[in-house]
Amino acid sequence: MGPAGKQSLSSAPAPMGGSCLLLLFCLRLGTSCPQSCQCPDRDGAVAVHCSASGLQEIPKDIPANAVFLKLDANKIARVPNGAFQHLSQLRELDLSQNAIETIGPAAFSGLAGGLRLLDLSHNRIRRIPKDALGKLSAKIRLSHNPLHCECDLQEALWELKLDPDSVDEIACHTSVQEEYVGKPLIQALDSGVSFCSTHHKTTDVAMLVTMFGWFAMVITYVVYYVRQNQEDARRHLEYLKSLPSTPVSKDPLSPAS
């Protein structure tokens, strides 16, 4: 092959496969951070900051290697099932200062083992979803929510690891026992109050009312049955009395007197 041929080979463009893969990889990294959020990477630990970004729902393009996720001060109203299931490395999740009212029973699936802190303070949560939070080992902040103090809430709190720094700020917005409205929930529980006793008492009263109703029905039926039998017996006796009496015929074979 002549010099011209060698020169043409040497000047030929390099294969584009590697460049395209690199470009796609860079684009993927560039778009992995949700819009209006910042995703700084510190020694491989990605922190996703979406605070006060006007979000109305949880972003779906959160980087899978996120370790810290701040979604506070937004307008998020619900946490759907599986919202964070791809974030197995997540350690801290901040959902405070939103408008959260509904939390799906599988909202935090995938986070049970690694999550260390879950901040749900300053929201609109009335009832604690036991199925959603009960499996978490993370410290949970629930202060400044309009909680309804009842048996279900008390039973749910038994399974949660509440953040000790904010536990005193959890108050009863409404309650099955009106005297505890506006008072710290933990203070009420520490004093020996049980919201479940009220629940069980209500259940017992309802059961007693039901049993009394059935008992009254049975008694009514028995009384009716007895009276009906008495009436039938009386009529039958009157019928027998109304029959004409027949003389007893004399046996012709009997000896004459």
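Everything here concerns the structure above.
Residues numbered from 1 in each chain as written. Predicted model: local features only at pLDDT ≥ 70, side-chain atom pairs only at ≥ 80, totals over all residues. Heavy atoms only, no water.

Draft legend 1. A look at the overall build of the protein. Scanning the protein for helices and strands turns up six helices and 11 strands. Out of the 257 residues in the protein, the part that is buried amounts to 32%. Per element, the accessible surface of the protein, about 17,100 Å² overall, is 58% carbon and sulfur. (Helix = DSSP H or I, 4+ residues; strand = E, 2+ residues; numbered from the N terminus. Buried < 20%, exposed > 50% of the residue type's maximum accessible area, 1.4 Å probe, protein only. Areas by Shrake-Rupley, 256 points an atom, 1.4 Å probe, with all protein chains shown as cover.)

Draft legend 2. The nonpolar core, seen in detail. Membership of the largest hydrophobic core comes to 51 residues, with the highest contact counts inside it found for Leu71, Val79, Phe84, Leu93, Leu95, Phe108 and Leu118. Among the elements of the structure, β2 (45–49), β3 (66–70), α3 (130–133), β9 (147–149), α4 (151–157) and α5 (185–190) are those that each provide at least two residues to this core. Each residue touching Leu95, except ones within four places of it in the same chain, is listed here: Leu71, Val79, Phe84, Ile100, Phe108, Leu118, Asp119, Leu120 and Asn123. (Core = buried A, V, L, I, M, F, W, Y, C linked by side-chain atoms within 4.5 Å. Contact = heavy atoms within 4.5 Å.)

Draft legend 3. Representation of the side chain of His148. Secondary-structure assignment places His148 in strand β9. Taking relative accessible area as the criterion, His148 reaches 12% and is therefore assigned buried. A distance of 2.7 Å separates a polar atom in the side chain of His148 from a polar atom in the side chain of Thr174. Among residues more than four places away in sequence, those in contact with His148 are Arg126, Arg127, Leu153, Thr174, Ser175 and Val176. (Polar contact = N/O pair within 3.5 Å; in protein donor to acceptor, adjacent residues only side chain to side chain.)

Draft legend 4. Main features of the state of the cysteines. Under the defined criterion, the tally for this structure stands at four disulfides. The disulfide that involves Cys37 links it to Cys50, with 2.1 Å between the sulfurs. Taking the sign of the torsion about the S-S bond as the criterion, the disulfide between Cys37 and Cys50, at about 120 degrees, is right-handed. One end of the pair, Cys37, is in the loop between α2 (17–31) and β1 (41–42); the other, Cys50, is in the loop between β2 and β3, with 13 residues separating them in the sequence. Residues Cys37 and Cys50 agree in their burial class; the two are buried. The disulfide partner of Cys149 is Cys172, and the S-S distance across this bridge is 1.9 Å. Negative torsions about the S-S bond denote left-handed disulfides, and the value of about -95 degrees found for Cys149 with Cys172 makes this one left-handed. Of the two residues, Cys149 sits in strand β9 while Cys172 sits in strand β11 (residues 172–175), which places them 23 residues apart along the sequence. Comparing Cys149 with Cys172, the two get one shared label, buried. (Disulfide = S-S within 2.5 Å.)

Draft legend 5. The arrangement of the packing of aromatic side chains in detail. Taken as a whole and assessed by the stated rule, the structure comprises two aromatic pairs. Pairing Phe84 with Phe108 gives two aromatic rings, centres 5.9 Å apart and planes at 5 degrees, and the pair type is stacked. Note that Phe84 is positioned in the loop between β4 (78–79) and β5 (92–94) and Phe108 in the loop between β6 (102–103) and β7 (117–119), a separation of 24 residues in sequence. Of the two residues, Phe84 and Phe108, neither departs from the other in class, the shared state being buried. Seen from their ring centres, Tyr180 and Phe195 are 6.0 Å apart, and the 80 degrees between their planes marks the pair as edge-to-face. You can see Tyr180 sitting in the loop between β11 and α5 and its partner Phe195 sitting in helix α6 (residues 195–242), a full 15 residues away along the chain. (Phe/Tyr/Trp six-rings, centres within 6.5 Å; stacked < 30°, edge-to-face > 60°.)

Draft legend 6. Here's a closer look at the environment of Leu87. Tracing the backbone through its elements, the reader meets Leu87 in the loop between β4 and β5. On the basis of relative accessibility, which here comes to 0%, the residue Leu87 falls in the buried class. If sequence neighbours within four positions are ignored, Leu87 has contacts with Ile62, Pro63, Ala64, Leu69, Gly110 and Leu111.

Draft legend 7. A look at the pairing of β2. As paired strands, β1 and β2 are joined by two bridges and run antiparallel to one another. Residue pairing across strands places Arg42 opposite Ala45, the latter belonging to β2. (Pairing = 2+ DSSP bridges.)

Draft legend 8. Summary view of the side chain of Asp163. By the element assignment, Asp163 lies in the loop between β10 (161–162) and β11. What makes Asp163 buried here is its relative accessible area of 2%. Contacts of Asp163, omitting those with residues within four sequence positions, involve Lys139, Ile140 and Arg141.

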